[in-house]
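# A closer look at the structure
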Amino acid sequence: MPSNNHYDVIIIGSGAGGGTLAHKLAPTGKKILILERGGYVPREKDNWSPRAVNLEGKYQTKEKWHDKDGKELHPHTNYYVGGNTKFYGAALFRLRKEDFGEIRHHGGVSPAWPISYGELEPYYTEAEQLYHVHGNAGEDPTEPERSAPYSKPAVSHEPRIQQLSDDFARLGLRPFHTPLGVMLDEKDPRASRCIRCETCDGFPCLVYAKSDAQVCAVDPALQHSNVTLLTDAYVEKLLTNGSARNVSKVVIRRDGAREELSADIVVSACGAINSAALLLRSASDQHPRGMTNSSDVVGRHYMGHINSVLMALSKCPNPTIFQKSLSVNDFYFGSEDWPYPMGHISFVGKLDGETLKGGAPAVTPGWTLDLMAKHSLDFWLTSEDLPDPNNRVTVDANGGIVLSYAPNNEEGHKRLIAKLKGLMQRQTQCKVHGHECHEGLFARNLFVGQRIPLGGVAHQVGTVRFGNDPKTGALDRNCKAHDLDNLYVVDGSIFCSSGAVNPALTIMANALRVGEHLIERMK
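Rules of the game
Residues numbered from 1 in each chain as written. Predicted model: local features only at pLDDT ≥ 70, side-chain atom pairs only at ≥ 80, totals over all residues. Heavy atoms only, no water. Helix = DSSP H or I, 4+ residues; strand = E, 2+ residues; numbered from the N terminus. Rg over C-alpha atoms; globule rule 2.2 N^0.38 Å. Buried < 20%, exposed > 50% of the residue type's maximum accessible area, 1.4 Å probe, protein only. Contact = heavy atoms within 4.5 Å. Areas by Shrake-Rupley, 256 points an atom, 1.4 Å probe, with all protein chains shown as cover. Lys, Arg positive; Asp, Glu negative; His and termini not counted. Charge placed at Lys NZ, Arg CZ, Asp CG, Glu CD. Polar contact = N/O pair within 3.5 Å; in protein donor to acceptor, adjacent residues only side chain to side chain. Salt bridge = Lys/Arg side-chain N within 4 Å of Asp/Glu carboxyl O. Pairing = 2+ DSSP bridges. Core = buried A, V, L, I, M, F, W, Y, C linked by side-chain atoms within 4.5 Å. Expected span 1.5 Å × (residues − 1). Bend = angle between axes of the 7 residues up to and from the residue. pLDDT = per-residue confidence, 0-100. Axes fitted to C-alpha atoms, helices over the stretch in contact; angles between N-to-C directions. Parallel < 35°, antiparallel > 145°, perpendicular 65-115°, else oblique. Left-handed = near helix turned anticlockwise from the far one by under 90°. Nonpolar A, V, L, I, M, F, W, Y, C, P; charged D, E, K, R; others polar. Phe/Tyr/Trp six-rings, centres within 6.5 Å; stacked < 30°, edge-to-face > 60°. Lys NZ or Arg CZ within 6 Å of the ring centre and 35° of its normal.

### Regarding the overall build of the protein
The number of helices and strands found in the protein is 11 helices and 21 strands. Taken over C-alpha atoms, the radius of gyration comes to 22 Å for the protein, in line with the 24 Å a tight globule of 523 residues would show. The proportion of buried residues among the 523 residues of the protein is 60%. When contacts within the protein are restricted to residue pairs at least 6 apart in sequence, those whose partners lie at least 24 apart make up 73%. When the accessible surface of the protein is split by element, carbon and sulfur atoms take 50% of a total near 20,100 Å². Looking at the protein, you have 57 positive and 60 negative side-chain charges, and the mean spots of the two groups are 1 Å apart.

### A short note on the side chain of Thr142
If you trace the backbone, Thr142 turns up in the loop between strand 7 (133-134) and helix 4 (159-170). In terms of polar contacts, Thr142 uses its side chain to reach the side chain of Arg96, at 2.8 Å. Not counting residues within four places of it along the chain, the set of residues in contact with Thr142 comprises Arg96, Asn329, Tyr332 and Phe333.

### Description of the environment of Ala500
Structurally, Ala500 can be placed in the loop between strand 21 (487-489) and helix 11 (504-522). The exposure class assigned to Ala500 is buried, which follows from its relative accessible area of 4%. Considering only alpha carbons, one finds Ala500 and Asn329, 171 residues apart in sequence, at a separation of 9.6 Å. If we ignore the near neighbours within four places in the chain, the residues touching Ala500 are His305, Tyr332, Gly343, His344, Thr382, Ser383 and Glu384.

### Observations concerning the environment of Gly101
With respect to the helices and strands, Gly101 occurs in the loop between strand 4 (72-73) and strand 5 (103-105). Setting aside chain neighbours within four positions, we find Gly101 in contact with Ser110, Pro111 and Ala112.

### Let's talk about the pattern of salt bridges
The full count for this structure, using the stated rule, is 27 salt bridges. Lys58 is the partner of Asp46 in a salt bridge, and the nearest nitrogen-oxygen pair spans 2.8 Å. Linking Asp46 in the loop between strand 2 (32-35) and helix 2 (50-55) with Lys58 in the loop between helix 2 and strand 3 (65-66), this pair joins segments that are 12 residues apart in sequence. Its relative accessible area of 28% is what places Asp46 among the partly exposed residues. With a shortest N-O distance of 3.3 Å, Glu143 and Arg146 are connected by a salt bridge.

### Quick notes on the pairing of strand 16 (residues 344-347)
Successive side chains on a regular strand alternate, one facing one side of the sheet and the next facing the other. What you see with strand 16 is no split at all: His344 and Ser346 on one side and Ile345 and Phe347 on the other are buried throughout. Both strand 16 and strand 17 (residues 376-383) contribute to a ladder of four bridges, which runs antiparallel. In the strand pairing of strand 17, His344 is matched with Thr382.

### Here we look at the nonpolar core
It is characteristic of soluble globular proteins that their nonpolar side chains tend to be buried jointly. Leu35, Tyr131, Leu238 and Val250 are the most contacted members of the largest nonpolar core, which totals 111 residues. No other element matches the 10 residues that helix 11 contributes to this core.

### A closer look at the pairing of strand 14 (residues 306-314)
Extensive coverage of strand 14 is indicated by the burial of nine of its nine residues. A two-sided burial pattern is seen for strand 14, the buried positions comprising Ile306, Ser308, Leu310, Ala312 and Ser314 on one face and Asn307, Val309, Met311 and Leu313 on the other. Note that strand 14 and strand 17 share eight bridges and pair antiparallel. Counterpart to Met311 in the pairing with strand 17 is Asp378.

### Things to note about helix 3 (residues 117-130)
When the terminal C-alpha atoms of helix 3 are compared, their 19 Å separation across 14 residues agrees well with the 20 Å that a helix rising 1.5 Å per residue should span. At Tyr123, helix 3 shows its maximal bend, which comes to roughly 25 degrees. Those residues of helix 3 that sit buried are Tyr117, Leu120, Glu121, Tyr123, Tyr124, Thr125, Ala127, Glu128 and Leu130. Check the buried side of helix 3 and you find it contacts helix 1 (18-25), strand 7, helix 5 (213-221) and helix 11. Downstream of helix 3 by one or two residues, His132 has phi in the positive range, about 55 degrees.

### Concerning the confidence of the model for the protein
When the pLDDT values of the protein are averaged, the result is 92; 92% of them are 70 or greater. This stretch, residues 445-452, has a pLDDT under 50; its non-local contacts, to residues over four places away or in other chains, come to 27 contacts.

### Points about the packing of helix 1 against helix 11
Where helix 1 meets helix 11, the closest approach of the two axes is 8 Å, and the angle between their N-to-C directions is 40 degrees. In this view, helix 1 runs oblique relative to helix 11, as classed from their interaxial angle. Relative to helix 11, the crossing made by helix 1 is right-handed. Mapping the contact onto sequence places Thr20, Leu21, Lys24 and Leu25 in helix 1 and Met508, Ala511, Leu512, Gly515, Glu516, Leu518, Ile519 and Met522 in helix 11. By residue class, the composition of the contact of helix 1 with helix 11 is eight nonpolar, two polar and two charged.

### Section: unusual backbone geometry
Although it is not a glycine, Arg196 sits at a positive phi angle of roughly 55 degrees. Locating Arg196 in the fold gives a position in the loop between strand 9 (180-181) and helix 5. With a relative accessible area of 15%, Arg196 lands in the buried category. With phi around 50 degrees, Thr292 is a residue other than glycine that occupies positive phi space. For Thr292, the position within the fold is in the loop between helix 6 (272-281) and strand 14. Take Thr292: its relative accessible area is 1%, and that puts it in the buried class.

### Some points on the packing of aromatic side chains
Applying the stated criterion across every chain, the model contains 13 aromatic pairs. Judged by centre distance (6.4 Å) and plane angle (65 degrees), the ring pair of Tyr59 and Tyr80 falls under edge-to-face. Taken together, the residues Tyr59 in the loop between helix 2 and strand 3 and Tyr80 in the loop between strand 4 and strand 5 connect sequence positions 21 residues apart. A network of ring pairs unites the aromatic residues Phe100, Trp113, Tyr117, Tyr124, Phe466 and Phe495 as a single cluster. We note Lys31 situated over the ring of Tyr7; from NZ or CZ to the ring centre the distance is 4.7 Å. In this arrangement the basic side chain of Arg43 is found over the ring face of Tyr208, its NZ or CZ atom lying 4.3 Å from the centre.

Below, the structure is given as structure tokens:
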């Protein structure tokens, strides 16, 4: 620990927001400290073990949260260098241009953002380059305009997925290659870091071939002598100075000891749930509702998407190894028979028998879990949930996290499932079993014991929203706290709406945008 505990910038969190911001600021020469409450994910065989990762939850936090009724919740989240990107599926989508404006849904209105897609677009391009995103511009019918093509070619489909893509196209849809952050070179497999394995989505990458924030952002940032990383450093609270307009101390607990650090600029990038909790834990006489919470929005408007994992079973096996290459957005904004948004269809990583033990669907007798896994296409469906002030993060008397959430805007998701069921019933006739090959679409249970569903936390956004009006937002358009002069937030908590695609790339792009603002500020 350096004797001088003052920094130019302290970044709390090392994931999609914090890690990306550190990478952006590293070349400035400014004294930067990254605080991460966890350590590095250990590199070991269990990184690729479905039993260890999915069934035993070896790498998940053992922290316990509670719901509004006091019932224990075991969050499916991870505290490591790189944050939850260590375990994400690396699907790196841009929000649609329309997502930045007001959109009417069946269940209500999705509000506009204080910035436009055009303002964020250059940073999307920068983020796609930083995170090695593979894709094919122009395939996605809802894709917004771009200033540059993808720098990496789309990840190819394996034969069963290509067949499905062809079938969707035959039915009038415009399926497209999922934009993926992997370090894959299909032209030179021997030199490729990525090996297209089945343990990518939800697993840490043992060979560092997934474009996570540790590999792509934090580790390169640490090559600069002005950047320091402290692991196992839990931030308990933030303190303000006498004027209450500046964060004067960052209080951490490390190795059981309490320490105080300070910086000219403090950035919270703990994820939507933990950033809100940190600000609420930092309540004081000057900030009685919590840090930067004169608007009373901190913790509120929590969103996590409406998500379903659906298994399409067939009599013929699905030999696909790397399944997550195909997406469909034809129903993102609705259809001819439904004028409201429905959402996004893509894939999860190939399911296996061990993973299914943690939440198997009820199916007809004769299907063992291993057999189901070998004969399934495993879809991931995402629809937008709407910001509700009563869906919120609070903290209890001990600073523990309390998460209150009731799903909303569900009709569109039900219709999206119905659309997929209809499509699967119209697949090309199997040469062996004819049209009787498709057995049906079954929902995989997202709950394991008392855990919050994976989709409920992995896509967490919205708890410290930004906006031009200090009465309705905690942050300004540059993600600086309205109530303080040196506090910023750069994670999913700033989102005004959730859209219906993975938020990771938008978090990364916004971190680059805020980073550019901070570089100008520090000159």
